[in-house]
Amino acid sequence: MNETARRIDSIRDRIRQAAARSGRNPGEIAIVAVTKTVTVDRILPAINAGIRLLGENYIQEAMEKIGSLPDQLVAWHFIGHLQSKKVKYAVRHFDLIHSVDSLKLAREIDKEAAKAGKVQRILIQVNIAEEATKSGISADDTLELVREAGRCEHLQIEGLMTMPPFFDDPARARPFFRALSELKDRVQAAGIPNVIMKELSMGMTGDLEAAVEEGATMVRIGTAIFGERL
Ligand SMILES: *Cc1c(COP(=O)(O)O)cnc(C)c1O
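Here we summarise the structure given alongside this text. These figures come from a predicted structure and were not determined experimentally.

Description of unusual backbone geometry
Right, so step 1: We note that E130 has phi near 55°; this positive angle belongs to a residue other than glycine.
Right, so step 2: Inspection of the secondary structure puts E130 in the loop between β5 (120-126) and α6 (139-149).
Right, so step 3: Positive phi, close to 70°, is recorded for N194, a residue that is not glycine.
Right, so step 4: By secondary structure assignment, the location of N194 is in the loop between α7 (174-189) and β7 (199-201).
Right, so step 5: In this structure N194 comes out as exposed when scored by relative accessible area, which is 67%.

So, helix α3 (residues 59-66)
Side chains of residues three or four places apart in an α-helix project in the same direction, reflecting 3.6 residues per turn.
Right, so step 1: For α3, the full list of buried residues reads I59, E61, A62, K65 and I66. An end-on view of α3 places all buried positions within 160° of arc, on one side of the element.
Right, so step 2: For α3, the secondary structure elements touched by its buried residues are α2 (40-48), β2 (53-56), β3 (75-78) and α4 (87-93).

Some remarks on the site of the ligand
Right, so step 1: Taken together, the residues surrounding the ligand are V34, K36, N57, I79, M163, M204, T205, R220, I221, G222, T223 and R229.
Right, so step 2: Measuring from an oxygen atom of the ligand, one finds a side-chain N or O atom of N57 at 2.7 Å.
Right, so step 3: Between the ligand and T205, the relevant distance is 2.5 Å, taken from an oxygen atom to a side-chain nitrogen or oxygen of the residue.
Right, so step 4: Residue classes in the shell around the ligand are distributed as 5 nonpolar, 4 polar and 3 charged.

Brief notes about the environment of L69
Right, so step 1: Within the secondary structure layout, L69 lies in the loop between α3 and β3.
Right, so step 2: Linking L69 and V40, residues 29 residues apart in sequence, is a C-alpha distance of 7.3 Å.
Right, so step 3: Among all residues touching L69, those that are not within four sequence positions of it are V40, I43, L44, I47, L54 and W76.

Considerations on the pattern of salt bridges
Right, so step 1: A full pass over the atoms with the stated rule returns 19 salt bridges.
Right, so step 2: Here R174 makes a salt bridge to E213, at a shortest N to O gap of 3.1 Å. Linking R174 in helix α7 with E213 in helix α8 (residues 208-213), this pair joins segments that are 39 residues apart in sequence.
Right, so step 3: The class of R174 is partly exposed, set by a relative accessible area of 25%.

A few points about the environment of A149
Right, so step 1: Positionally, A149 belongs in helix α6.
Right, so step 2: The spatial distance from the C-alpha of A149 to the C-alpha of A132 is 24 Å, given a sequence separation of 17 residues.

Criteria and cut-off values
Residues numbered from 1 in each chain as written. Predicted model: local features only at pLDDT ≥ 70, side-chain atom pairs only at ≥ 80, totals over all residues. Heavy atoms only, no water. Helix = DSSP H or I, 4+ residues; strand = E, 2+ residues; numbered from the N terminus. Buried < 20%, exposed > 50% of the residue type's maximum accessible area, 1.4 Å probe, protein only. Arc of directions from axis to C-beta. Contact = heavy atoms within 4.5 Å. Near = heavy atom within 4 Å. Polar contact = N/O pair within 3.5 Å; in protein donor to acceptor, adjacent residues only side chain to side chain. Nonpolar A, V, L, I, M, F, W, Y, C, P; charged D, E, K, R; others polar. Salt bridge = Lys/Arg side-chain N within 4 Å of Asp/Glu carboxyl O.

Printed below as a string of structure tokens:
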């Protein structure tokens, strides 16, 4: 087994163990391999090891890679801050956009998706710890955003995403993961037409166990697969 395959195996183990601790089926948890700064020749071994979802933060960087990888094998997820002028490219190339955090952005995506004849799958990014430096809508405004964006015909809202504050001790991220999970349940309970809140995109290299134990369905993993970013 090569180094990348070994690293991915070890992430799958971590997910399995966390799922077992919380009585979950590990098959419900997808790995999104985060490929920012990672070149195509280093992404291929991850695909060979079974990775099928690739997460990128920058449209320009992603577009340089997307054409070079077998698109029948992988799906691209956009996980970075999305600028208005890049929406068109995001809709063209990405299966799921994790980072929708305003009605304005949701409507721009809807408009481009309509032009492309596509229903764009999206998640709402929540700034669950209300950090001044982070993107994301506040927890208090999330229900209203889902309600309004849920009216857009070319959007399919599938769940929530968050990036909690960074802690040396990942246990401290857990309350934020739990808060996102509870928020997802509250939004789902509101019964908004055409909205099925099934995905929770949360957990990265340092804190995936806590995220899985609190209900993550997608973990976004960079460093543990590809090593430290330069
Ligand atoms: C870079 C990044 C990740 C991956 O972080 P690692 O700690 O390297 O696993 C996950 N999510 C987002 C939004 C990122 O920007």
